Amino acid sequence: MSGNGVTQLDRSDAPLTIAGEELGSRVLLGTSGYPNPQVMLDAMEASGTEMVTVAIRRVNVRDDSEESLLELLQRHGYRLLPNTAGCYTAREAVLVAQLAREALGTNLIKLEVIGDDETLIPDVEQLLKAAKELVDDGFDVLAYANDDPITCQKLAAMGCAAVMPLGSPIGSGMGLVNPYNLRLIRELIDDTPLLVDAGIGTASDAVHAMELGYDGVLLNTAVSKAKHPVLMARAIRHAVVAGRLAHRAGRIPRRLYAQASSPTTGMIDS
């Protein structure tokens, strides 16, 4: 892997830190849906990502074969973020998280507790229940959440390592459909890393998330299902950098009417 620190072009900017893990890249990438493993690896390198997420219910964590996904990722130096994708109750999610910790030796877990198969939107009641149990059990929880400010505040208050509200439903590619709520979440939560997770469809969506002040993005389908996954991964990488720099620079206020950029004092009278 050669992407370490590449997406952090402004050296005055602190690295993204989640649960004590410093990441030079603010792109977290999923591992499913690629045409083949080589395209996946090429896209990961192009994105500059350092941490990738794997669905524990969909991989054989006890597979010691040379071609296993987990070994492939570890051999290329990626930090693994196991997730509880496919879980619909707090009990299921906790069991999957415990399996991941035992198999991979990590307290990191991306917590997903889905409400239904149609929208894949989190079940808030089950999500909060699972998050509390896992945090109390010593897990570093990165919680995939609704774009509801109150839910996100509760997750941050209970000690989640990161809160990750959706931009729009998983795999929809609809982008940030409710930027007002996302901005409100950022203003209400200033002491916990926030990442936009789900719904990003292209580079401009990633720019928008970062311009809102988010600390990073987590995505999968936008890259893995793109016509050219490696090119899209590279676009996302630069989009995240651009959005982060723009947020730190501070945009000009929006105005209803024009304002001349050239000074008007000292002009020659007609």
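Residues numbered from 1 in each chain as written. Predicted model: local features only at pLDDT ≥ 70, side-chain atom pairs only at ≥ 80, totals over all residues. Heavy atoms only, no water.

In the contact formed by helix α3 (residues 90-104) and helix α4 (residues 124-136), the axes pass within 8 Å of each other and the chain directions differ by 35 degrees. Of the two elements, α3 crosses α4, and the hand of that crossing is right-handed. Contacts from Ala 90, Ala 93, Val 94 and Ala 97 of α3 reach α4 at Gln 126, Lys 129, Ala 130, Glu 133 and Leu 134. The residue makeup of the contact of α3 with α4, split by class, is six nonpolar, one polar and two charged. (Axes fitted to C-alpha atoms, helices over the stretch in contact; angles between N-to-C directions. Helix = DSSP H or I, 4+ residues; strand = E, 2+ residues; numbered from the N terminus. Left-handed = near helix turned anticlockwise from the far one by under 90°. Contact = heavy atoms within 4.5 Å. Nonpolar A, V, L, I, M, F, W, Y, C, P; charged D, E, K, R; others polar.)

A positive phi is found at Leu 120, a non-glycine position, where the angle reads about 55 degrees. Summarising the element assignment, Leu 120 is placed in the loop between β6 (108-111) and α4. A relative accessible area of 26% places Leu 120 in the partly exposed class. (Buried < 20%, exposed > 50% of the residue type's maximum accessible area, 1.4 Å probe, protein only.)

A separate point is the environment of Leu 166. Within the element layout of this structure, Leu 166 appears in the loop between β8 (162-165) and α6 (179-188). Spatially, the C-alpha atom of Leu 166 lies 5.7 Å from that of Val 196, the residues being 30 residues apart in sequence. Beyond its immediate stretch of four places on either side in the chain, Leu 166 contacts Ile 121, Pro 122, Tyr 144, Ala 145, Asn 146, Asp 147, Leu 182, Asp 197 and Ala 198.

Counting through the fold element by element, Thr 31 comes out in the loop between β3 (27-30) and α1 (37-47). Polar side-chain contacts of Thr 31 include one of 3.0 Å to the backbone oxygen of Thr 53. Not counting residues within four places of it along the chain, the set of residues in contact with Thr 31 comprises Met 40, Met 44, Val 52, Thr 53, Val 54, Leu 69, Leu 73 and Asn 220. (Polar contact = N/O pair within 3.5 Å; in protein donor to acceptor, adjacent residues only side chain to side chain.)

For α3, which comprises 15 residues, the first-to-last C-alpha distance of 21 Å matches the rise-based estimate of 21 Å (1.5 Å per residue) to within 8%. Residues of α3 that are buried: Ala 90, Ala 93, Val 94, Val 96, Ala 97, Ala 100 and Leu 104. All buried residues of α3 lie within an arc of 165 degrees about the axis, which places them on one face of the element. Along α3, exposed side chains directed more than 90 degrees from the buried face belong to Arg 91 and Glu 102. The inward-facing, buried residues of α3 contact α2 (69-75), β5 (79-83), β6 and α4. (Expected span 1.5 Å × (residues − 1). Arc of directions from axis to C-beta.)

Averaged over the protein, the pLDDT score is 90; the fraction of residues at 70 or greater is 89%. When the criterion is pLDDT under 50, residues 1-7 qualifies, and its contacts beyond four places in sequence or with other chains add up to 20 contacts. (pLDDT = per-residue confidence, 0-100.)

Moving on, we come to the nonpolar core. Membership of the largest hydrophobic core comes to 66 residues, with the highest contact counts inside it found for Leu 111, Val 141, Leu 155, Leu 219, Val 223 and Ile 236. Counting residues per element, this core draws most heavily on α3, at seven residues. Once residues within four sequence positions are removed from consideration, Leu 155 is found in contact with Leu 127, Leu 128, Ala 131, Ala 143, Ala 145, Cys 160 and Val 163. Judged by nonpolar contacts, the second largest core, of 13 residues, contains Leu 23, Leu 28, Met 51 and Leu 142. (Core = buried A, V, L, I, M, F, W, Y, C linked by side-chain atoms within 4.5 Å.)

With that settled, consider the packing of aromatic side chains. Within the structure shown, the criterion is met by zero aromatic pairs. When the ring centre of Phe 139 is taken as origin, the NZ or CZ atom of Arg 101, which lies over that ring, is 3.9 Å away. (Phe/Tyr/Trp six-rings, centres within 6.5 Å; stacked < 30°, edge-to-face > 60°. Lys NZ or Arg CZ within 6 Å of the ring centre and 35° of its normal.)

For Asn 146, the position within the fold is in the loop between β7 (140-145) and α5 (149-157). Judged by its relative accessible area of 13%, Asn 146 falls in the buried class. With near-sequence residues (within four places) excluded, Asn 146 lies in contact with Ile 121, Pro 122, Val 124, Cys 152, Pro 165 and Leu 166.

Here the focus is the pairing of β7. Summarising burial for β7: five of the six residues are buried, a large majority. Across four bridges, the pairing between β6 and β7 is parallel. For Lys 110, the partnering residue across the bridge sits in β7 and is Leu 142. For the handedness criterion, the β-α-β arrangement of β6, α4 and β7 is classed as right-handed. Bridge count for β7 against β8 is four bridges, and the pairing is parallel. In the sheet register, Tyr 144 faces β8, and the bridge partner there is Met 164. Between the parallel pair β7 and β8, the chain is carried across by α5, and the sense of this crossover is right-handed. (Pairing = 2+ DSSP bridges. Right-handed = clockwise from strand over helix to strand, strands pointing away.)

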